[in-house]
Amino acid sequence: NGASFGLTVAAMGFVSASIGGVYYLNRLRRAGDKRAQVQNAEEIEDLNASIITEKGEIPLSESMDKLTVQVAIVFATYFIAFAAMWYVTKGLDSLGGFWVGTIKPLLWGFNFLVGTAFAILFKNILTSLRKKGIVHRDYINNFMLNRISGLFFDLMVTASIAAISLEAFKHKEFIIPLVLICIAGAFITYWYNLRVCRHLFPDYSDEAFLSLYGMDTGTASTGIILLREIDPLFETPASHNLIYQNLWSIVLGAPMLLLLGFVARSITWCWIVYGILYVLFAMMLIIQYRDKIFRKKAKN
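Once a new chain begins, its residue numbering starts again from 1 and follows that chain's sequence as written. Under the rules for a predicted model, residues below a pLDDT of 70 receive no local features and side-chain atom pairs below 80 are neither given nor counted, while totals for whole chains, interfaces and linings still include all residues. Hydrogens and waters are ignored; side-chain quantities use all the structure's heavy atoms.

Visitor: Can you lay out the overall build of the chain for me, pointing to particular residues and giving the numbers?
Guide: The helix and strand tally for the chain stands at 14 helices and 0 strands. When its helices and strands are written in sequence order, the chain yields α-α-α-α-α-α-α-α-α-α-α-α-α-α. Only protein chains enter the accessibility calculation, which uses a 1.4 Å probe. A residue is then buried if its area is under 20% of the maximum for its type, exposed if over 50%, and partly exposed in between. For the chain, buried positions account for 30% of its 300 residues. Throughout, a contact is declared for two residues whenever any of their heavy atoms are within 4.5 Å. In the chain, the proportion of contacts linking residues at least 24 apart, taken out of those at least 6 apart, comes to 68%. Accessible surface computed for the chain: about 19,600 Å², of which carbon and sulfur atoms make up 68%. Helix and strand assignments come from DSSP, with helices taken as H or I runs of at least 4 residues and strands as E runs of at least 2, each series counted from the N terminus. For the area figures, the Shrake-Rupley method with a 1.4 Å probe applies, and any residue is considered shielded solely by the protein chains shown.

Visitor: Please provide a residue-by-residue account of a nonpolar patch on the surface, values included.
Guide: On the surface, a nonpolar cluster with roughly 390 Å² of combined accessible area is contributed by Phe75, Leu151, Phe152 and Leu155. Ranked by the residues each element gives to the nonpolar patch, the list is headed by helix α7 (residues 142-162), at 3 residues. The residues that make up patches have over 30% relative accessible area and no salt bridge, and they are joined within 9 Å when like-charged or within 5 Å when they are Val, Leu, Ile, Met, Phe, Trp or Tyr. Just to be clear on terms, a salt bridge is a Lys or Arg side-chain nitrogen sitting within 4 Å of an Asp or Glu carboxyl oxygen.

Visitor: Requested: an account of the packing of aromatic side chains, with residues and values cited.
Guide: Pairs of aromatic rings are described using the distance from one ring centre to the other and the angle between the two planes. The pairing test for Phe, Tyr and Trp rings, Trp by its six-membered ring, is centres within 6.5 Å, and the orientation test on the planes gives stacked under 30 degrees, edge-to-face over 60, and tilted for anything in between. Within this structure, the stated rule accounts for 12 aromatic pairs. Arranged with centres 5.4 Å apart and planes meeting at 10°, the rings of Phe209 and Tyr213 form a pair that is stacked. Here Phe209 and its partner Tyr213 are both found in helix α9 (residues 205-217), 4 residues apart, which amounts to about one turn of the helix. Measuring from ring centre to ring centre gives 5.8 Å for Trp271 and Tyr274, while their planes differ by 80°; the resulting arrangement is edge-to-face. Here Tyr274 and Trp271 lie together in helix α13 (residues 267-288), a separation of 3 residues that amounts to about one turn. Accessibility expressed as a relative area gives 58% for Trp271, which makes it exposed. Members of the aromatic cluster, each reached through a chain of ring pairs, are Tyr23, Tyr24, Tyr190, Phe209 and Tyr213.

Visitor: Please give an account of helix α8 (residues 172-200) that cites residues and values.
Guide: Taking 1.5 Å per residue as the helical rise, α8 with its 29 residues ought to reach 42 Å, and the 41 Å between its terminal C-alpha atoms agrees with that figure. When we look at burial in α8, the residues that qualify are Phe174, Leu178, Cys182, Tyr190, Tyr192, Asn193, Leu194, Val196, Cys197 and His199. Under the convention used throughout, the expected extent of a helix is 1.5 Å for every residue step, that is, one less than its residue count.

Visitor: Outline the nonpolar core, supporting the account with residue identities and numerical values.
Guide: Buried Ala, Val, Leu, Ile, Met, Phe, Trp, Tyr and Cys residues form a nonpolar core when they are joined through side-chain atoms within 4.5 Å. Membership of the largest hydrophobic core comes to 19 residues, with the highest contact counts inside it found for Tyr24, Tyr190, Cys197, Phe201, Phe209, Leu210 and Leu212. Among the secondary structure elements, those contributing two or more residues to this core are α1 (2-30), α8, α9, α10 (220-227) and α11 (238-244). When residues in this core are grouped by element, the largest group, 6 residues, is from α9.

Visitor: A description of the side chain of Ser16 should follow, citing residues and the corresponding values.
Guide: Residue position: Ser16 is located in helix α1. Given a relative accessible area of 11%, Ser16 falls into the buried group. Residues in contact with Ser16, not counting those within four places in the same chain, are Gly21, Ala186, Tyr213 and Thr217.

Visitor: Now, about the confidence of the model for the chain: what can you tell me, with residues and values included?
Guide: Confidence scores per residue from the predictor, reported as pLDDT, run from 0 to 100. On average, residues of the chain score 81 in pLDDT, and 88% of them reach the 70 mark or higher. Per-element averaging of pLDDT across the chain places helix α2 (residues 41-44) at the bottom with 52 and α9 at the top with 91.

Visitor: Any chance you could break down the packing of helix α4 (residues 66-95) against helix α6 (residues 111-131) for me, citing the residues and the numbers?
Guide: Two elements in contact, α4 and α6, have axes whose closest approach is 9 Å; the angle formed by their N-to-C orientations is 125°. Classed by the angle they form, the pair α4 and α6 counts as oblique. The hand of the α4/α6 crossing is right-handed. On α6, the residues touching Ile73, Thr77, Ile80, Ala81, Ala84 and Met85 of α4 are Asn111, Val114, Gly115, Phe118, Ala119 and Phe122. Of the residues in the contact of α4 with α6, the class split is 9 nonpolar, 3 polar and no charged. What counts as an axis is a line fitted to C-alpha atoms, over the stretch in contact for a helix, and the angles between N-to-C directions run from 0 to 180 degrees. Angular relationships are summarised with four words: roughly parallel below 35 degrees, roughly antiparallel beyond 145, roughly perpendicular across 65 to 115, and oblique for the angles in between. With the far helix as reference, a near helix turned anticlockwise by less than a right angle produces a left-handed crossing, and one turned clockwise produces a right-handed crossing. Three classes are used, and their members are as follows: Ala, Val, Leu, Ile, Met, Phe, Trp, Tyr, Cys and Pro are nonpolar, Asp, Glu, Lys and Arg are charged, and the others, Gly among them, are polar.

Visitor: Kindly report on α10, identifying the contributing residues and their values.
Guide: Listing the buried residues of α10 in full gives Thr222, Gly223, Leu226 and Leu227. The arc that holds every buried residue of α10, seen down its axis, measures 135°, which confines them to one face. On the buried face of α10, the contacting elements are α1, α7, α9 and α11. As used here, the arc is the angular range of directions from the helix axis to the C-beta atoms.

Visitor: Can you explain the packing of α4 against α7? Please cite residues and give values.
Guide: Any two packed helices are characterised by how steeply their axes cross, that is the angle between the axes, and by the distance between the axes. Relative to each other, α4 and α7 sit at 60°, their axes nearing to 10 Å. Here α7 runs oblique to α4, going by the angle between their axes. The hand of the α4/α7 crossing is right-handed. Contact with α4, carried on its side by Lys66, Leu67, Gln70, Val71, Val74 and Phe75, involves Met144, Leu145, Ile148 and Phe152 of α7 and no other residues of that element. Along the lines of polarity and charge, the residues of the contact of α4 with α7 split into 8 nonpolar, 1 polar and 1 charged.

Visitor: Quick rundown of the environment of Leu227? Include the residues and the values.
Guide: Here Leu227 shows up in helix α10. Judged by its relative accessible area of 0%, Leu227 falls in the buried class. Spatially, the C-alpha atom of Leu227 lies 5.6 Å from that of Leu210, the residues being 17 residues apart in sequence. Setting aside chain neighbours within four positions, we find Leu227 in contact with Glu207, Leu210, Ser211, Pro232, Phe234, Ala238 and Ser239.

In structure tokens form, the structure reads like this:
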């Protein structure tokens with residue numbers, strides 16, 4: 001029941017994001033914070049024809065519908081990214097050993113970065129062809145792509161919950177660790193993010209907390225959902241942080257994904273990996289609180 005355990009933890013993450021995020025918003029509302037007051041959606045988002053279809057783009061409805069073109073672009077990009085990863089994986093399988101047990105999971109663990117890289121490549125190629133006059137109109141529409149991403153995000157969440165096997169919940173050795181991990185994880189993540197955001201982002205700590213807490217317990221989209229409750233027009237840097245953090249996610253996340261190839265080998269390796277994770281966490285704390293640490297040393 002390992003897969004069901006992991007999927008359940010992920011699903012509980014979304015629940016935690018909702019409960020913790022709504023609790024924090026209600027705290028702001030009770031404190032009289034105007035940002036947390038319920039706002040009129042029509043005043044927040046003014047939809048007009050220029051947003052839905054910009055000048056120079058293909059028409060909304062031609063021989064092929066504009067939405068169909070957007071979906072086709074998304075699927076084509078994902079197919080090429082998947083094909084590239086599949087061929088690289090075949091090469092790793094032929095090497096065996098370390099490459100299969102460590103590098104292969106790392107590659108698939110960062111599949112979203114591979115997809116992003118191919119999406120950027122496709123967009124740059126399309127832009128270059130437009131400048132050269134080979135392509136005369138823009139085929140990419142940001143408004144529709146945002147709607148597509150919202151749809152597939154909802155489908156992804158639904159599919160992950162539907163994949164959980166209810167048979168697993170008949171076993172107490174499955175339920176007890178699951179409950180303990182989910183409750184402890186929710187409280188620790190809430191407290192940790194609150195402390196870090198107040199220290200690192202004093203000018204917009206509330207926005208930073210909601211975006212990071214939502215992302216840490218769910219996905220970046222969950223963070224954006226919570227952020228929009230108090231920063232609907234993304235006037236603070238909180239939304240940009242979710243984008244620019246990807247580089248640091250690679251730097252700090254790569255060692256952890258590499259460890260996945262070792263943790264399941266034995267109980268000894270499990271404890272070794274556990275210790276390494278504490279070292280990595282300590283390094284991250286030093287980076288985050290370096291100003292306080294070095295200031296104290298300087299005073300001493």
